[in-house]
Every structure is written in C-alpha cells, then in structure tokens.
Amino acid sequence: MQLSFQLYSARNFQPWPELLAMLAEAGYARVEGFGGVYEDPAGFRALLDQNGLSMPSGHFSMDALENDFDGAMNTASALGIERVFCPHIDVASRPVDSAGWRDFAGRLAAIGEKVRATGRRFGWHNHDFEFRRLGDDGVPMQIILDAAPEIDWEADIAWIIRGGGDPGEWIGRHGSRITAVHVKDIAPEGESMDEDGWADVGHGTVDWANLFKQLKAGSQTALYVMEHDKPSDAKRFATRSIDWVKKTVGQQA
C-alpha cells in the first residue's frame, strides 16, 4: 500500500520546509501536489528531495490543463508527477444536465489524450456534487465514466458518502477505473464542526478497514492519499492518520 499526503490538507500550516520535514518524520514517503505549491517547481522539488519525499501525483485545474498545458506539464516534470488529476469545477461553470456533463466529459477525454501522450496518466477527482441526481435522472459521475472511458478516477470516498453515494457499490462497479483514492474520514454528526465535520483517518464514521480490503481486491488503486479539508492541527491529522492506517492494514507506506 503506497500512502501519500495531499498537501492541500496543510495549506494553512506554513512554512513548507517545516511541514515537509514533519511529514517525513511522521512516516510519509509521498505527497500529492496542488496549485498552491506550483509557483516554484524546482525549488519545491529541492525541498522534497531534502526530506526524502516524492510527488507521484498532483492536482491541476481545468484552466491550467486547457489553457497552459505545456506549463502544467513542465511543472509536472520538475516535480516528478506521473499521475495528473483534475480536481474540481466551480459552481458557476458546473453543468446542470446530462448533456452538459457529457460535453464536460469530452473535455476531460481530450485533456487525457494529451496527458497520456507525455507518458503520464490522467483522471478526474470527485467531490460530492457528482453523486447528486440531476433533474433528468442523470448522475454526473456515471456520465463522466461512461463518456470518457480512457481516463482514470481518483475516488474521494468521503465525498462519495457526503454526496449520498455508496462507496462500496461504486468500487464494485467501477474499481477498474480507480487508480488513486483520497483517504478521508467523516466525524460523527454534530462533532468537529470547526473542522467542517471531517475527522482524522480511522477516527470517524467511514468504515476504512473494510474499504481498504475492497479497494485492494477490486480496484487498480496505486496511491492512497491522506486528506483532511480543514484540520485544526496538521501534525495531529498527519500522524494519527498514518499511524492508524499502518496499524490497521499492517503494511508500510
């Protein structure tokens, strides 16, 4: 099991040199990038190297991938990113019906073709809105998977749940498309409201022990990326989460 850490989780806990040193000390060997660490790719790569960390995956916006593709790939090259994931689409740009989502999937497919031509993999990263049924009974995530059959899926399990989906069902039906997973937990209802209701991995309501087994048996997951959207303490989240996973799964990162 290759564990990673989504650096977005620690965006509010700077500076990066100290944060990366903490992650290495906690036992991480990999991190996942996002736009906030791409300003100086060569400089950030040096920090990774100093701490014995690699960045096998990274999030890039639709805007960057469609309007500055060469720049995005230069960033990926500098940081050693082999898996490129598009992570989000803002509400104003979000399709409202099945036809719109099919068009959007076509854009993802076109990006994927270009990314694969560079020797990298490309996929979509979900949030909750892809699992909310449209007025015409379409489900955006299903439309994306059907209309862009060549792209990967980085499945954010906790967002599937918050969107009303059953992660076990989605893994069972589409495990062959899942090549990375965001490992995130949900606090019991009414708890951790200062952290938007998220929890450290293994300390919430998501049945990660069984989900790890299902993902190992029925998916193509290569990276398990720890994430918390709003931790009040990045070190607490990072250390408690990796310690729980290693103890529960019995494998090293």
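All residue numbers refer to positions counted from 1 along the written sequence of the respective chain. Residues qualify for local features only when their pLDDT is at least 70, as the model is predicted, and side-chain atom pairs are given and counted only at 80 or more; totals for whole chains, interfaces and linings, by contrast, use all residues. Hydrogens and waters are ignored; side-chain quantities use all the structure's heavy atoms.

## Thoughts on the packing of aromatic side chains
- Ring geometry is summarised as follows: Phe, Tyr and Trp rings, the Trp one being its six-membered ring, pair when their centres sit within 6.5 Å, and such pairs are stacked at plane angles under 30 degrees, edge-to-face over 60 and tilted between the two. Applying the stated criterion across every chain yields a total of 15 aromatic pairs.
- Ring centres of tyrosine 8 and phenylalanine 34 lie 5.6 Å apart, and the angle between their planes is 90°; on these two criteria the pair is classed as edge-to-face. Here tyrosine 8, found in the loop between strand 1 (3-5) and helix 1 (16-26), pairs with phenylalanine 34, found in the loop between strand 2 (30-33) and helix 2 (41-50); they are 26 residues apart in sequence, far enough to count as distant.
- Only protein chains enter the accessibility calculation, which uses a 1.4 Å probe; a residue is then buried when its area is under 20% of its type maximum, exposed when over 50%, and partly exposed in between. For tyrosine 8, a relative accessible area of 33% corresponds to the partly exposed category.
- According to the relative accessible area criterion, phenylalanine 34 is buried, its value standing at 13%.
- Between tryptophan 16 and phenylalanine 34 the ring centres are 6.4 Å apart and the planes differ by 65°, which places this aromatic pair in the edge-to-face class. Of this pair, tryptophan 16 sits in helix 1 while phenylalanine 34 sits in the loop between strand 2 and helix 2, and the two are 18 residues apart along the sequence.
- Since its relative accessible area comes to 13%, tryptophan 16 is described here as buried.
- Ring pairs connect the aromatic residues Tyr8, Trp16, Phe34 and Phe44, which therefore count as one cluster.
- We count a charge as sitting over a ring when the NZ of a lysine or the CZ of an arginine lies within 6 Å of the ring centre and within 35 degrees of the ring normal. The ring centre of tryptophan 159 lies 5.9 Å from the NZ or CZ of arginine 162, which sits over that ring.
- The ring of tryptophan 198 has lysine 184 sitting right over it, with the charged end atom 4.7 Å from the ring centre. Put simply, DSSP marks the helices as runs of H or I at least four residues long and the strands as runs of E at least two long, and each gets a number from the N terminus on.

## A few points about the sheet that holds strand 6 (residues 152-156)
- Two strands are said to pair when DSSP picks up at least two bridges between them. Read across the open sheet, the eight strands follow the order 1-10-7-6-5-4-3-2; overall the sheet is parallel. The open sheet has two free edges, formed respectively by strand 1 and strand 2, since each of these has just one partner strand. Between one strand axis and the next, the sheet turns through 30° on average, direction left out of account.
- Judged from the three bridges that link them, strand 5 (residues 121-125) and strand 6 form a sheet pairing that is parallel. Note that in strand 6 the partner of histidine 125 across the bridge is glutamate 154. Orientation is described by lines fitted to C-alpha atoms, with helices fitted over the stretch in contact, and by angles between N-to-C directions that extend from 0 to 180 degrees.

## Points about helix 10 (residues 234-249)
- Here a helix's expected span is defined as the number of its residues, less one, multiplied by 1.5 Å. With 16 residues, helix 10 should reach 22 Å at 1.5 Å per residue; the first-to-last C-alpha distance of 22 Å fits that figure.
- Within helix 10, burial applies to Ala234, Phe237, Ala238, Ser241, Ile242 and Val245. Taken end-on, helix 10 shows its buried residues confined to a sector of 105°, consistent with a single buried face. Exposed side of helix 10, more than 90 degrees from the buried face: Lys235 and Lys247 are the residues found there.
- Nitrogen and oxygen atoms within 3.5 Å of one another constitute a polar contact, given that in protein one can donate a hydrogen and the other can accept it, and given that sequence-neighbouring residues count only through two side-chain atoms. At the N-terminal end of helix 10, a side-chain oxygen is found 3.0 Å from the backbone nitrogen of lysine 235, two or three residues along, and the residue is aspartate 233.
- One or two residues past the end of helix 10 sits glycine 250, with phi positive at roughly 80°. Here the arc refers to the set of directions running from the helix axis out to each C-beta atom.

## Points about the pattern of salt bridges
- Criterion for a salt bridge: a side-chain nitrogen of Lys or Arg within 4 Å of a carboxyl oxygen of Asp or Glu. For the structure shown, the criterion picks out 12 salt bridges.
- Of the charged contacts, one joins arginine 121 and aspartate 152 as a salt bridge, the two residues approaching to 2.7 Å between their closest N and O atoms. A residue pair is termed long-range when its members are at least 10 positions apart, and arginine 121 in strand 5 and aspartate 152 in strand 6 qualify at 31 residues.
- What makes aspartate 152 buried here is its relative accessible area of 7%.
- For aspartate 196, the salt bridge is made with lysine 230, and the minimal N-O distance between the two is 3.8 Å. Of this pair, aspartate 196 sits in the loop between strand 8 (185-186) and strand 9 (198-199) while lysine 230 sits in the loop between strand 10 (223-226) and helix 10; the two residues are 34 residues apart in sequence, bridging distant segments of the chain.

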